[in-house]
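Structural features, examined
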Amino acid sequence: MITGKYPSLRLRRSRKNDWSRRLIEENNLSPSDFILPIFLIEGKNKKQPIKSMPDVYRYTLDKLSSLVDKAIKNKLPMIALFPNTEKKKKDFKGTEALNENNLVCRAIQLIKKKYKNEIGIMCDVALDPYTLHGHDGLLKSGYVLNDETIKVLINQSLLQAEMGCDVLAPSDMMDGRVGEIRKTLDKNKFQMVQILSYAVKYASSYYGPFRDAVGSKGLLKGNKKNYQMDFRNNNEALREVALDIKEGADMVMVKPGLPYIDIIKTVKENFKIPVIAYQVSGEYSLLSNGINKGFIDKSIILETLIAFKRAGANAIVSYYADRLDKILK
Ligand code: PBG
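Bear in mind that the values here come from a model prediction, so they are computed numbers and not experimental data.

**Some details on the overall build of the protein chain**
A tally of regular secondary structure across the protein chain gives 11 helices and 12 strands. Against the 2.2 N^0.38 benchmark of 20 Å for 329 residues, the protein chain shows a C-alpha radius of gyration of 20 Å, consistent with a compact globule. Here the C-alpha coordinates of the protein chain stretch approximately 70 × 45 × 40 Å along the principal axes. Buried positions account for 53% of the 329 residues belonging to the protein chain. Look at the contacts in the protein chain between residues 6 or more apart in sequence, and 76% of them connect residues 24 or more apart. Split by element, the accessible area of the protein chain, about 16,500 Å² in all, is 52% carbon and sulfur. Here the protein chain contributes 54 positive and 38 negative side-chain charges, whose respective centroids are spaced 5 Å apart.

**Quick word on the site of the ligand**
Surrounding the ligand, one finds 17 residues, the nearest of these being Lys201, Arg211, Lys255, Ser281 and Tyr319. Within the contact set of the ligand, an oxygen atom lies 2.7 Å away from a side-chain nitrogen or oxygen of Lys201. The separation between an oxygen atom of the ligand and a polar side-chain atom of Lys224 is 2.7 Å. Coverage of the ligand by the protein chains reaches 100% of its 400 Å² of free accessible surface.

**Details of a nonpolar patch on the surface**
Together, Met1, Ile2, Leu9 and Leu11 make up an exposed nonpolar region whose accessible area comes to about 550 Å². If you trace the backbone, Met1 turns up in the segment before helix 1 (18-23). Take Met1: its relative accessible area is 100%, and that puts it in the exposed class.

**Focus on the environment of Leu243**
Positionally, Leu243 belongs in helix 7 (residues 235-247). Since its relative accessible area comes to 43%, Leu243 is described here as partly exposed. With 214 residues separating them in the primary sequence, Leu243 and Leu29 have C-alpha atoms 30 Å apart.

**Side note on the side chain of Lys224**
Examined against the element boundaries, Lys224 turns out to sit in the loop between helix 6 (208-214) and helix 7. The contacts of Lys224, once residues within four sequence positions are left out, are Asp128, Gly134, His135, Asp136, Ala203 and Arg211.

**Observations concerning the pairing of strand 8 (residues 167-170)**
The two faces of strand 8 match: Val167 and Ala169 on one face and Leu168 and Pro170 on the other face are all buried. Pairing of strand 8 with strand 9 (residues 194-201) involves 2 bridges; the strand directions are parallel. Note that in strand 9 the partner of Val167 across the bridge is Gln194.

**Quick notes on the packing of helix 3 (residues 103-115) against helix 4 (residues 147-163)**
Remark: helix 3 packs on helix 4, axes separated minimally by 8 Å, with the N-to-C direction vectors making an angle of 25°. The orientation of helix 3 with respect to helix 4, classified from their angle, is roughly parallel. Crossing hand, helix 3 versus helix 4: right-handed. Judged by residue contacts, Val104, Cys105, Ile108, Gln109 and Lys112 of helix 3 engage Leu159, Gln160 and Met163 from helix 4.

**Section: the nonpolar core**
Phe39, Leu81 and Met122 are the most contacted members of the largest nonpolar core, which totals 106 residues. By residue number, the principal contributor to this core is helix 4, which donates 8 residues. Setting aside residues no more than four positions away along its own chain, Phe39 makes contact with Ile50, Met53, Val56, Tyr57, Arg58, Tyr59, Phe82, Phe210, Ala213, Val214 and Tyr319.

**Describing the environment of Lys70**
With respect to the element layout, Lys70 can be found in helix 2 (residues 64-73). A residue is classified by how much of its surface remains accessible, and Lys70, at 41% relative accessible area, is partly exposed. Here the alpha-carbon distance between Lys70 and Ala126, two residues 56 residues apart in the chain, equals 28 Å.

**Notes on the packing of aromatic side chains**
All chains considered together, the criterion is met by 10 aromatic pairs. Where Phe39 meets Phe82, the ring centres are 5.9 Å apart and the plane angle is 40°; that geometry is what we call tilted. Highlighted residues: Phe39 in strand 1 (residues 34-40) and Phe82 in strand 4 (residues 78-83), separated in sequence by 43 residues. Overall, Phe82 belongs to the buried group, its relative accessible area being 2%. Seen in terms of ring centroids, Tyr278 and Tyr319 are 6.2 Å apart; in terms of plane orientation they differ by 45°. Their pairing is tilted. Of the two residues, Tyr278 is situated in strand 11 (residues 275-278) and Tyr319 in the loop between strand 12 (315-317) and helix 11 (324-328); the sequence distance between them amounts to 41 residues.

**Side note on the pattern of salt bridges**
Across all of its chains, the model carries 18 salt bridges by this definition. Among the ionic pairs, Glu42 bridges to Arg106, the shortest N-O distance being 2.5 Å. In this pair, Glu42 is assigned in the loop between strand 1 and strand 2 (47-50) and Arg106 in helix 3, connecting sequence segments 64 residues apart. A relative accessible area of 25% places Arg106 in the partly exposed class. In this structure, the salt-bridge partner of Asp166 is Lys112, at a minimum N-O distance of 3.0 Å. Taken together, the residues Asp166 in the loop between helix 4 and strand 8 and Lys112 in helix 3 connect sequence positions 54 residues apart. Given the relative accessible area of 22%, Asp166 is considered partly exposed. Several salt bridges converge on common partners, so that one network encompasses Glu42, Glu86, Lys88, Lys89 and Arg106.

Conventions and cut-offs
- Residues numbered from 1 in each chain as written.
- Predicted model: local features only at pLDDT ≥ 70, side-chain atom pairs only at ≥ 80, totals over all residues.
- Heavy atoms only, no water.
- Helix = DSSP H or I, 4+ residues; strand = E, 2+ residues; numbered from the N terminus.
- Rg over C-alpha atoms; globule rule 2.2 N^0.38 Å.
- Buried < 20%, exposed > 50% of the residue type's maximum accessible area, 1.4 Å probe, protein only.
- Contact = heavy atoms within 4.5 Å.
- Areas by Shrake-Rupley, 256 points an atom, 1.4 Å probe, with all protein chains shown as cover.
- Lys, Arg positive; Asp, Glu negative; His and termini not counted.
- Charge placed at Lys NZ, Arg CZ, Asp CG, Glu CD.
- Near = heavy atom within 4 Å.
- Polar contact = N/O pair within 3.5 Å; in protein donor to acceptor, adjacent residues only side chain to side chain.
- Patch = residues over 30% accessible without salt bridge, like charges linked within 9 Å, V, L, I, M, F, W, Y side chains within 5 Å.
- Salt bridge = Lys/Arg side-chain N within 4 Å of Asp/Glu carboxyl O.
- Pairing = 2+ DSSP bridges.
- Axes fitted to C-alpha atoms, helices over the stretch in contact; angles between N-to-C directions.
- Parallel < 35°, antiparallel > 145°, perpendicular 65-115°, else oblique.
- Left-handed = near helix turned anticlockwise from the far one by under 90°.
- Core = buried A, V, L, I, M, F, W, Y, C linked by side-chain atoms within 4.5 Å.
- Phe/Tyr/Trp six-rings, centres within 6.5 Å; stacked < 30°, edge-to-face > 60°.

Rendered as structure tokens:
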């Protein structure tokens, strides 16, 4: 591997000038590497700040066009829609997930009608934005039921596909749901709708600000440890990915991102499948708060995002994706 030695070999030689550093750079980022999450709320003409996420907002549907216009202009390949459902529409079974007039369904239709296939739309498949207990599935005696939940998720998937969603992203961690969703999509002529499985999703404290953003934070009873993964485990991540690929996932997600950078790398090396990293809300807020307080320079954002590329991620879901002009330059 090492082909020479000091003093004839000097690695600093190629670091001396900017042109030379650029010449030998091994990893880089472009807007095509990003997915922009968008939080939705009911109402009109609102851009509502989210207390736990500096510079991230919830938008009413009439504000969507300007966001999507900008995303397309900046060459982002995909957006991800997340609804903040009004409390009065939540119940214990997450019924609102199956309402064809819910926020997400209206948003998909609006965007598809106006922008056709100029940009991809990704939607979560899970019940947590719609349940009064804040869990991703049906709850019975403190346990999230697997097979019963899948039955609802299949219908949620089908509905979102009918509305025009391009990429379904099951984020619920039920066993076997990817296969069941694939089967249902294929049976209903949605063979071309993709599945991005949240294959490796850890039970994580890094999701706190997101739960605030979608309004499930105060509601969540207990934790999600009986379905999301234990952060002590890495072999288990490979088993999850292997299963989801077998069941028909087109891409897999690792989430959270930076604290699980080792997992991104092993998944990529083992499976050679498109791997998406989710730089989650807690990661975002930690960085942004540090920067906003002046404790740390904003160049830390690029440094952090490049780590995902080095590890082998194909793309990154990031709340910074609407400000890449300032970050990537
Ligand atoms: C819900 C979901 C969560 C996130 C994406 N989809 C939260 C959770 O599982 O509690 C987290 C995203 C983030 O923190 O940015 N299934």
